[in-house]
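Geometric and topological summary
What follows is the residue order along each chain.
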Amino acid sequence: MEVHAHSHTPRKKWAHYFWEFLMLFLAVFCGFLAEYQLEHKIEKDRAKELARSLYEELQQDSVNMSQRVNNRLRQEASLKWLMQYFKDSSLTNISKTFSIHFLYGIYFRTPSLFEARTVLLEQLKNSGSLRYFKNLKLQKLVGELSVAIALINDRQEIETQVRTQHINPFIVDHYDYDFNEEITQNGELLFSVAVEKYVNSGQIIPFQFKNADELDRENTINKLGLFGISALRATRQQHFQRYIDLNSELLKELRKEYHLK
């Protein structure tokens, strides 16, 4: 009669199962923590990258805005000078001073226009990248800056309408394009460069105010006031200043949050 030997596998104790479960749990948990930390670092790095790009964009716009404000102040001053001049001064014996104020106050256009760089701002809003900024104040300032830019664009569109309706016809009726050709050397010099060169020179180029006998002085003064006071100055004092304040505050908050210089 054969005798069969039976091998018996000892049953694992509950403690053994517990430790296996614990080790598996720790492995999964550590993997989760590592993934979380990696994602957190990626978001943090992305936020700093966006912050640095936004900071540089805002700095450039700040310089640009400062130039536009200075140009507007000069334009507004020239318009105010012309408003006084048109009250009772001669329109046949035109001085160099008059021609310069005519150029800065009436003829110039683009030097007073502000165009903000909005590529990064639009990216932050439209792509959802604004979520990388955990600082709620930063998010709020970015939104307010976008609104300020939109309002500036609206105001400058109104200025364009005023210019198209009142200023451009005035230029067509009274500007001396022979003078224009003379100071630009028949178009060889960029206009803005030519004007600055003429202003800083001792040269005097005759300026003939066209159709002087047809000028309605009171109406002209009102047109220049509408353009200079109601349009240019109002935009500068209210909407430009709002942008300047927000730009400065946002730069300050970015420096504080991301240690930028």
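Residues numbered from 1 in each chain as written. Predicted model: local features only at pLDDT ≥ 70, side-chain atom pairs only at ≥ 80, totals over all residues. Heavy atoms only, no water.

1. Regarding the pattern of salt bridges
- Considering all chains together, one arrives at eight salt bridges under this definition.
- With a shortest N-O distance of 2.8 Å, Arg72 and Glu159 are connected by a salt bridge. Residue Arg72 is found in helix H1 (residues 14-88), and its partner Glu159 is found in helix H4 (residues 136-174); the two are separated by 87 residues along the sequence. Here the two residues Arg72 and Glu159 agree in accessibility, since each one is buried. (Salt bridge = Lys/Arg side-chain N within 4 Å of Asp/Glu carboxyl O. Helix = DSSP H or I, 4+ residues; strand = E, 2+ residues; numbered from the N terminus. Buried < 20%, exposed > 50% of the residue type's maximum accessible area, 1.4 Å probe, protein only.)

2. Description of helix H3 (residues 119-126)
- Residues Leu120, Leu121 and Leu124 constitute the buried set of H3. Each buried residue of H3 lies within a common arc of 105 degrees when the element is viewed along its axis, so the set occupies one face. Projecting away from the buried face of H3 at angles above 90 degrees are the exposed residues Val119 and Asn126. (Arc of directions from axis to C-beta.)

3. Section: the packing of H4 against helix H7 (residues 217-258)
- Between H4 and H7, the least distance of the axes is 9 Å, while the angle of their chain directions is 160 degrees. Judged by the inter-axis angle, H4 sits roughly antiparallel to H7. By crossing handedness, the relation of H4 to H7 is classed as left-handed.
- Tallied by class, residues from the contact of H4 with H7 come to 23 nonpolar, seven polar and ten charged. (Axes fitted to C-alpha atoms, helices over the stretch in contact; angles between N-to-C directions. Parallel < 35°, antiparallel > 145°, perpendicular 65-115°, else oblique. Left-handed = near helix turned anticlockwise from the far one by under 90°. Nonpolar A, V, L, I, M, F, W, Y, C, P; charged D, E, K, R; others polar.)

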